[in-house]
Amino acid sequence: MEPAEVKTPAVMRTPRKVDIDLTSRCNLRCRYCYFFDNSSVTYQDLITAEWLQFFDELGRCAVMDVTLAGGEPFTRPDLRQLLEGIVRNRMRFALLSNGTLIDDEIAAYLADTGCCNYVQVSIDGSSPEAHDACRGKGAFERALRGLRTLQRHGVQVAVRVTIHRYNVHDLEATAQFLLEELKLPAFSTNSAGYLGSCRVNAEAVLLTTAERLVAMESLVRLTQKYDGRISATAGPLAEARMWRRMEEARSAGAPQFPIGGRLTACGCPGSKIAVRADGTIIPCNMLAHIELGRINQDSLAEVWQHSPELNKLRTRSSIPLTEFEFCSGCGYLPYCTGNCPALAYTLIGQVNHPSPDACLRRFLEEGGTLETIWTTPT
Amino acid sequence: MLKPTEKPIACPDIVLREEFDDWAILFHHPSGDSVATGPVGVAIWKAMDGQRTLSDIATEIENQFEDTPNTALDDTIAFVEELLQRKFVTIEPQTDGL
């Protein structure tokens, strides 16, 4: 029997957002960095003129936002020139940074552009011990200095806490430090994932099931204490929320979730695309091995609309979870999205497979529980 | 309220981002403000060159789209007023010899 034809969902004419690894250089070597130690990536930088030419194309494509990461974007000596190119092409930008290289001059410039959505600074704990364990000695103090410099110049700061084995017991103090002492309006969380350098240091860095449970319990309690000022789109807090919904639906025999039962995660290829530091166009920074084209050689609009690899990713959401032996007999299947394709790829070598990392059934089989996480109604 | 004789000009800072199915986003990058609009809004936006009056634009819309309601002029003015409030549009100064 011929397989049913899978129709590619309607896509925008051009991506709305582009994630750019502006450089492959970084002044730190964090033990869980997703970017380094990826054998698929050529760690090479483009010259200024190549990026500026590409930003002109993004302007013609009416891209609205770019997110600049790396590597550490503040290592680029031509950063101001690059940002000028972005603003000239009528886009807004965000920067993902370790915070350690931010000084008054660049912070003042960022504020002056009027087009900086935010600078995300990674702060992994309330003390040098928690933060520096994975990021290196002195990183905490320098990151804080950078963060305060941004605040002083009125630049929007977004703090991201990446949870790992060295800071999982510091979350209460971290929330207090960030929200009360530094008076940040909010912060977001994630956890170290089996990508890049983290694969090399997995045993030392990745949360065990018991530690994951500790992280979920702490974060749920803290979001209640701080009235929603802690957010997450992935990691323990996001999982705690999603898994609770899944458990409630399963217990009640609820109908399948609209996005459940298929590989619907994630939706990124519908609105954004990414570029590696060497100029290779890729679907996502986490799927750096899927090469779609090259900037300034291939038309971005053409790649966006017609790349077979990208369209294959877009049709991933039509693949039912019932196709996978991994999901066989799972009561959560109608409510599950299969989760991150990048983690599925690094963990088992297949993009079109549910990610074992975010599997609720596996979490429970390994001794996890949801009963101790939600002690009060939300 | 804007008069039918006034001539709007689309602000050059605004990005018209046309999506699928003729829908679009008007995006002001210095503020991050954006407005979603349909095919009629896109046509109005493209017609705001400082030469055409609101009345001219409404007539063009009536000619361009089938089944346009007889409130086309009022609807055009309301849309342009919203854009004016957001500073997406300026009005060409009237030069009527007074």
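Residues numbered from 1 in each chain as written. Chains lettered and ligands numbered in written order. Predicted model: local features only at pLDDT ≥ 70, side-chain atom pairs only at ≥ 80, totals over all residues.

J.: Teacher, can you tell me more about the interface of chain B and chain A here?
T.: Size of an interface: often given as the accessible area lost when the parts come together. Facing the 11 residues of chain B at the interface are 12 residues of chain A. Per-element tally for the side of chain B that touches chain A: the top contributor is strand β2 (residues 14–18) of chain B, with 4 residues. Split into classes, the residues belonging to the side of chain B that touches chain A amount to 5 nonpolar, 2 polar and 4 charged. (Contact = placed C-beta atoms within 7 Å. Helix = DSSP H or I, 4+ residues; strand = E, 2+ residues; numbered from the N terminus. Nonpolar A, V, L, I, M, F, W, Y, C, P; charged D, E, K, R; others polar.)

J.: Any chance you could explain the pairing of strand β2 (residues 65–69) of chain A here in plain terms?
T.: The side chains of a regular strand alternate, first on one face of the sheet and then on the other. Residues and elements named next belong to chain A. Where burial is concerned, most of β2 is hidden: 5 out of the 5 residues are buried. Every second residue of β2 is oriented toward a common face, with Asp65, Thr67 and Ala69 on one face and Val66 and Leu68 on the other, all of them buried. For strand β1 (residues 17–21) and β2, the ladder comprises 5 bridges, and the chain directions are parallel. Looking across to β2, one finds that Val18 is bridged to Val66. What joins β1 to β2 is helix α1 (residues 48–60), and the crossover it makes is right-handed. Relative to strand β3 (residues 92–97), β2 runs parallel, the two being bridged by 4 bridges. Bridge assignment links Asp65 to a residue of β3, and that residue is Arg92. (Buried ≥ 20, exposed ≤ 12 C-beta atoms within 10 Å, placed from the backbone. Pairing = 2+ DSSP bridges. Right-handed = clockwise from strand over helix to strand, strands pointing away.)

J.: Looking at this structure, I do not really get the confidence of the model for chain B. What am I missing?
T.: Detailed reading of the predicted model is not advised wherever pLDDT is low. Residue and element names in this part refer to chain B. On average, residues of chain B carry a pLDDT of 92, and 96% of them reach 70 or more. Here strand β5 (residues 89–92) is the element of chain B with the lowest mean pLDDT, 94, and strand β1 (residues 7–10) is the one with the highest, 97. At the level of chain-chain contacts, confidence expressed as ipTM amounts to 0.87, with global pTM at 0.93. (pLDDT = per-residue confidence, 0-100.)

J.: What should I look at first to understand the sheet that holds strand β7 (residues 230–231) of chain A in this one?
T.: Strands pair in a sheet through their backbones, by hydrogen bonds, and they do so in one of two ways: parallel or antiparallel. All names here are of chain A. The 10 strands lie next to each other as β7-β6-β5-β4-β3-β2-β1-β8-β9-β10, forming an open sheet whose pairing is mixed. Either end of the sheet is taken by a strand with one partner, and the two such strands are β7 and β10 (293–294). Of the pairings in the sheet, the one linking strand β9 (residues 280–282) to β10 comprises 2 bridges and is antiparallel in character. Counted as the bridge partner of Ile281 is Gly293 from β10.

J.: Please clarify how the sheet that holds β2 of chain B should be interpreted in this entry.
T.: All names here are of chain B. If you trace the 3 strands from one edge of the open sheet to the other, you get β2-β3-β4, paired in antiparallel fashion. The open sheet has two free edges, formed respectively by β2 and β4 (33–37), since each of these has just one partner strand. Across the sheet, the mean angle from the axis of one strand to that of its neighbour is 20 degrees, orientation sign disregarded. One ladder, built from 5 bridges, connects β2 with strand β3 (residues 24–28); its direction is antiparallel. Opposite Val15, over in β3, you have Phe27 as the bridge partner. (Axes fitted to C-alpha atoms, helices over the stretch in contact; angles between N-to-C directions.)

J.: Teacher, can you tell me more about unusual backbone geometry here?
T.: Backbone phi values are negative for most residues with the exception of glycine, while trans is the configuration of most peptide bonds. Residue and element names in this part refer to chain A. A cis geometry characterises the amide bond from Gly70 onward to Gly71, with omega recorded as 20 degrees. Checked against the element boundaries, Gly71 lands in the loop between β2 and α2 (79–88). Phi at Lys183 takes a positive value of approximately 60 degrees, unusual for a residue other than glycine. Since 8 C-beta atoms lie within 10 Å of it, Lys183 is described here as exposed. Backbone geometry at Asn296 places phi at a positive 65 degrees, although glycine is not the residue there. Along the chain, Asn296 falls in the loop between β10 and α11 (300–306).

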